[in-house]
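Architecture and fold: a report
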Amino acid sequence: MLALFKSKPLLEQAEQQWLIDTFIWAVEHFDADFFTKHTQIILPTVEHFPDSVSSIEEMATKVFVRVRDYAGMNAWPIQLVAPQQLQPQVFPHFEFAEHIRGEQSQLIVPPSHTINISFNPNQINQPQDLVASFAGTLATVLIHHVGVLPPGGKDYLPQAADALACFLGFGVMMSNTVYQFKGGCGSCYNPYANREAKLSETHTVFMHALISYFKNDSDSKKHLKPHLRSQFKKAQKEIKALVENSANPLLLAYAPT
């Protein structure tokens, strides 16, 4: 009888476990030291994106630089190019001395060419989509360079890139841009501006809540879309209980004190 009053978990156990395993995979392979010491929860605010711009190209460039630097990838051989300049390319080989992110990252084997990425001009009026798209692209670049498949293998690479973008600190924007409400004004809705999410809203919110927990974040909830806040709050409670009852030394090591 008491089971009738027990709330249903936000996610099925297998789905929850995949996200937790993916967090562990990210910590093990994408510079845990940078995550611990420098990763921020990036918010859609003027404090995190203070630049003024006067053109589409300038906005794309300044947002990209901010996202790249917050991700700790300013030493990476990545170049932003205009959409019409983007051509098929072979991913180059390059190596870092030790750390792959942050000020301590240093290339010891330079690439033969830069990694060119571009942007969707339709997202200029939807800056959270632009930020999330850049974060997802950088996460994909990270995965390709490190060359270690996520939990579940290659079939889960697109979902892992979304999860890794949350690990980089962009979970608010990733969560807010999974689904765009069309609204009542057809002329206000541009489907071509939406990013192509691979995780659902609930999965993305849970992953953001997981990162938020380990970063001891208390500010990001108010920047989520209103309908996502209750999911985030529920995820927080479930994650806190899960980590406190976990026997996994890595989860315990990164838990806030």
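Report follows, based on the coordinates. Predicted, not measured: the structure shown is a model, and the values here were computed from it.

Across its full length, the chain holds eight helices and four strands. Listing every helix and strand of the chain by position from the N terminus yields α-α-α-β-β-β-β-α-α-α-α-α. Taking 18 Å as the expected radius of gyration for a compact globule of 257 residues, we find that the chain reaches 19 Å, a close match to that expectation. Overall size of the chain, expressed as C-alpha extent along the three principal axes, is 65 × 50 × 35 Å. Taken over 257 residues, the chain has a buried fraction of 48%. Across the chain, contacts joining residues at least 24 apart in sequence account for 73% of those joining residues at least 6 apart. On the chain, roughly 13400 Å² of surface is accessible, and the fraction owed to carbon and sulfur atoms is 53%. The average position of the 20 basic charges and that of the 23 acidic charges among the side chains of the chain differ by 8 Å.

Next up on the list: the packing of aromatic side chains. Applying the stated criterion to the full structure yields 13 aromatic pairs. Here the aromatic rings of Phe-23 and Phe-35 are separated by 5.9 Å at their centres, their planes lie at 70 degrees, and the arrangement is edge-to-face. Separated by twelve residues along the polypeptide, Phe-23 in helix α1 (residues 13-29) and Phe-35 in helix α2 (residues 32-37) bring together distant segments of the chain. By relative accessible area, which is 0% here, Phe-23 ends up buried. For the ring pair Phe-94 and Phe-96, a centre distance of 5.9 Å and an interplane angle of 85 degrees mean the geometry is edge-to-face. Summarising the burial analysis for this pair, Phe-94 and Phe-96 share the class buried.

One can describe the packing of helix α5 (residues 157-176) onto helix α6 (residues 201-214) by two numbers: an axis separation of 8 Å at closest approach and a directional angle of 120 degrees. With respect to α6, the element α5 is oriented oblique. The handedness of the crossing between α5 and α6 is left-handed. Contacts from Ala-163, Cys-166, Phe-167, Gly-171, Val-172, Met-174 and Ser-175 in α5 reach Glu-201, Thr-204, Val-205, Met-207, His-208 and Ile-211 in α6.

Right, let's talk about unusual backbone geometry for a bit. Here Asp-31, not a glycine, exhibits a phi torsion of approximately 70 degrees, which is positive. Mapped onto the fold, Asp-31 is located in the loop between α1 and α2. When its relative accessible area of 10% is taken as the criterion, Asp-31 is described as buried.

Its 20 residues place the ends of α5 only 21 Å apart at the C-alpha level, less than the 28 Å of an ideal helix rising 1.5 Å per residue. Taking the largest bend as the criterion, α5 deviates by roughly 130 degrees, centred on Phe-170. Buried residues dominate α5, accounting for 17 of its 20 residues.

A separate point is the packing of α1 against α6. Think of two packed helices as two axes; the pair is described by the angle between the axes and how far apart they sit. Interhelical geometry of α1 versus α6 gives an angle of 45 degrees and a closest axis separation of 10 Å. By the criterion of interaxial angle, the relationship of α1 to α6 is oblique. Our pair here, α1 against α6, has a crossing hand that is right-handed. Within the contact between the two elements, α1 uses Glu-15, Gln-16, Leu-19, Ile-20 and Phe-23 and α6 uses His-203, Phe-206, Met-207, Leu-210, Ile-211 and Phe-214. Of the residues that constitute the contact of α1 with α6, the class distribution is eight nonpolar, two polar and one charged.

Moving on: the environment of Gln-40. With respect to the helices and strands, the residue Gln-40 is situated in the loop between α2 and α3 (56-70). Counting along the chain gives 128 residues from Gln-40 to Leu-168, while the straight-line C-alpha distance between them is 7.9 Å. Those residues within four positions of Gln-40 in sequence are excluded, and the remaining contacts are His-48, Tyr-70, Leu-168 and Gly-169. Only 3.4 Å separates the side chain of Gln-40 from the side chain of His-48, close enough to count as a polar contact.

Let us now look at the environment of Ser-133. By the element assignment, Ser-133 lies in helix α4 (residues 127-146). Put simply, Ser-133 and Ala-197 are 64 residues apart on the chain and 8.9 Å apart in space, counted from C-alpha to C-alpha. Once residues lying within four places of it in the same chain are set aside, the contact partners of Ser-133 are Gln-123 and Arg-195.

The next subject is the nonpolar core. With 75 residues, the main nonpolar core has Phe-23, Phe-167 and Phe-170 as its most contacted residues. Residue contributions to this core peak at twelve residues, all from α5. Contacts of Phe-23, omitting those with residues within four sequence positions, involve Phe-35, Phe-167, Met-207, Leu-210, Ile-211, Phe-214, Leu-250 and Leu-251.

Calculation criteria
Residues numbered from 1 in each chain as written. Predicted model: local features only at pLDDT ≥ 70, side-chain atom pairs only at ≥ 80, totals over all residues. Heavy atoms only, no water. Helix = DSSP H or I, 4+ residues; strand = E, 2+ residues; numbered from the N terminus. Rg over C-alpha atoms; globule rule 2.2 N^0.38 Å. Buried < 20%, exposed > 50% of the residue type's maximum accessible area, 1.4 Å probe, protein only. Contact = heavy atoms within 4.5 Å. Areas by Shrake-Rupley, 256 points an atom, 1.4 Å probe, with all protein chains shown as cover. Lys, Arg positive; Asp, Glu negative; His and termini not counted. Charge placed at Lys NZ, Arg CZ, Asp CG, Glu CD. Phe/Tyr/Trp six-rings, centres within 6.5 Å; stacked < 30°, edge-to-face > 60°. Axes fitted to C-alpha atoms, helices over the stretch in contact; angles between N-to-C directions. Parallel < 35°, antiparallel > 145°, perpendicular 65-115°, else oblique. Left-handed = near helix turned anticlockwise from the far one by under 90°. Expected span 1.5 Å × (residues − 1). Bend = angle between axes of the 7 residues up to and from the residue. Nonpolar A, V, L, I, M, F, W, Y, C, P; charged D, E, K, R; others polar. Polar contact = N/O pair within 3.5 Å; in protein donor to acceptor, adjacent residues only side chain to side chain. Core = buried A, V, L, I, M, F, W, Y, C linked by side-chain atoms within 4.5 Å.

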